[in-house]
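Each chain, letter by letter, is given below.
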Amino acid sequence: MSSHPKYRADIPLHIAIIMDGNGRWAQARHRPRVFGHQAGVKTVRRIVEDAADIGIKYLTLYSFSTENWTRPKAEIAALFQLLKKYVEDDLDTLNDNNVRVRIIGSREGLKPDLLKVIKKVEKTTEHNTEFFLNIAFNYGGRDEIIRAVKSLVQGGFAPADIDEKLLERFLDTTDIPDPDLVIRTSGEQRISNFLSWQAAYAEFVFTDVLWPDFSRSDLETAISEFQRRDRRFGNLSDTAEVA
Ligand code: IPE
Ligand code: IPE
Ligand code: MG
């Protein structure tokens, strides 16, 4: 779903976060990288609560990219285990708080036990309406578009039928509005294949804070920065003098 061109609100409807810097956070403490990922999960818990409390409706968290498969096997296994444990441990709390959880990304390469947990959390929370938590796991923007195009072709659509709305129906984010604000922690300034279609008109805020240290006040700072931006969507500022 595209944001309405005139959408302008104090609080972004949808924030997406590239949660980066777990490894460096652990290294700085002379601990293994996985220690940083464990700390990162604690931040996820805090930020989900803070975002809901601030009035954000949609939060999308990038937790494993299609490129992260190139990492050492042990780290990949730990990241998979952490996702599974987070979903299992927090399902009841999230559900009690009327949170709808969706896992976006490819299901390829995921083991049956993880698939089962994903299905369970999505099914259990599917009618929840208070807050929408999307976890991008085994997610890549390019992979998502390719999977969408394959489904389109399999659906027998003719070239003349294809427009942005139709393609969006086949993306993992169907029914989820585009992100207004994308935050990346840890000082890197790139999107690393995150929501490449959906973030076409997002505002970007980069912070040096490493994900395990990311706090409510860092989130509020990013929102304040967003509020100072002039989102033009290709149009002109309200105050622009044309001639
Ligand atoms: C982000 O932290 C988590 C994932 C990408 C899974 P990193 O693991 O990328 O941490 P750094 O960037 O090496 O510090
Ligand atoms: C992006 O972080 C992916 C996630 C946060 C899940 P990376 O650490 O994998 O990105 P690069 O490799 O620095 O671009
Ligand atoms: Mg990183």
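Residues numbered from 1 in each chain as written. Chains lettered and ligands numbered in written order. Predicted model: local features only at pLDDT ≥ 70, side-chain atom pairs only at ≥ 80, totals over all residues. Heavy atoms only, no water.

### Some thoughts on the site of ligand 1
Taken together, the neighbourhood of ligand 1 is formed by 13 residues, with Asp20, Gly23, Arg24, Arg33 and Arg71 sitting nearest. At 2.9 Å from an oxygen atom of ligand 1 is found a main-chain nitrogen or oxygen belonging to Gly23. Coverage of ligand 1 by the protein amounts to 86% of the 380 Å² it exposes when considered alone. Of all the elements in the fold, those that place two or more residues in the shell around ligand 1 are α1 (22–28), α2 (33–54) and α3 (73–96). The dominant element in the shell around ligand 1, judged by the number of residues it contributes, is α1, at 3 residues. Its residues placed into classes, the shell around ligand 1 shows 2 nonpolar, 6 polar and 5 charged. (Near = heavy atom within 4 Å. Polar contact = N/O pair within 3.5 Å; in protein donor to acceptor, adjacent residues only side chain to side chain. Areas by Shrake-Rupley, 256 points an atom, 1.4 Å probe, with all protein chains shown as cover. Helix = DSSP H or I, 4+ residues; strand = E, 2+ residues; numbered from the N terminus. Nonpolar A, V, L, I, M, F, W, Y, C, P; charged D, E, K, R; others polar.)

### Regarding the site of ligand 2
What surrounds ligand 2 is the set Ile18, Met19, Asp20, Tyr62, Ser63, Phe64, Asn68, Arg71, Arg184, Arg190 and Ser192. At 2.9 Å, a side-chain N or O of Asn68 approaches an oxygen atom of ligand 2. A distance of 2.6 Å is found between an oxygen atom of ligand 2 and a side-chain nitrogen or oxygen belonging to Ser192. Expressed as a share of its isolated accessible area of 390 Å², the protein-covered part of ligand 2 is 78%. A total of 3 residues in the shell around ligand 2 trace back to one element, the largest contributor, which is strand β2 (residues 58–65).

### Description of the confidence of the model for the protein
Looking at the protein as a whole, its pLDDT mean stands at 95, while 96% of the residues score no less than 70. Within the model, pLDDT remains below 50 along residues 1–8, and this stretch shows 22 contacts once partners closer than five positions in the same chain are excluded. (pLDDT = per-residue confidence, 0-100. Contact = heavy atoms within 4.5 Å.)

### Concerning the environment of Thr174
Here Thr174 shows up in the loop between α6 (164–169) and β5 (181–184). Looking at Thr174, the relative accessible area reads 27%, which means it is partly exposed. Setting aside anything within four residues of it in sequence, one finds Thr174 in contact with Arg102, Glu168 and Arg169. (Buried < 20%, exposed > 50% of the residue type's maximum accessible area, 1.4 Å probe, protein only.)

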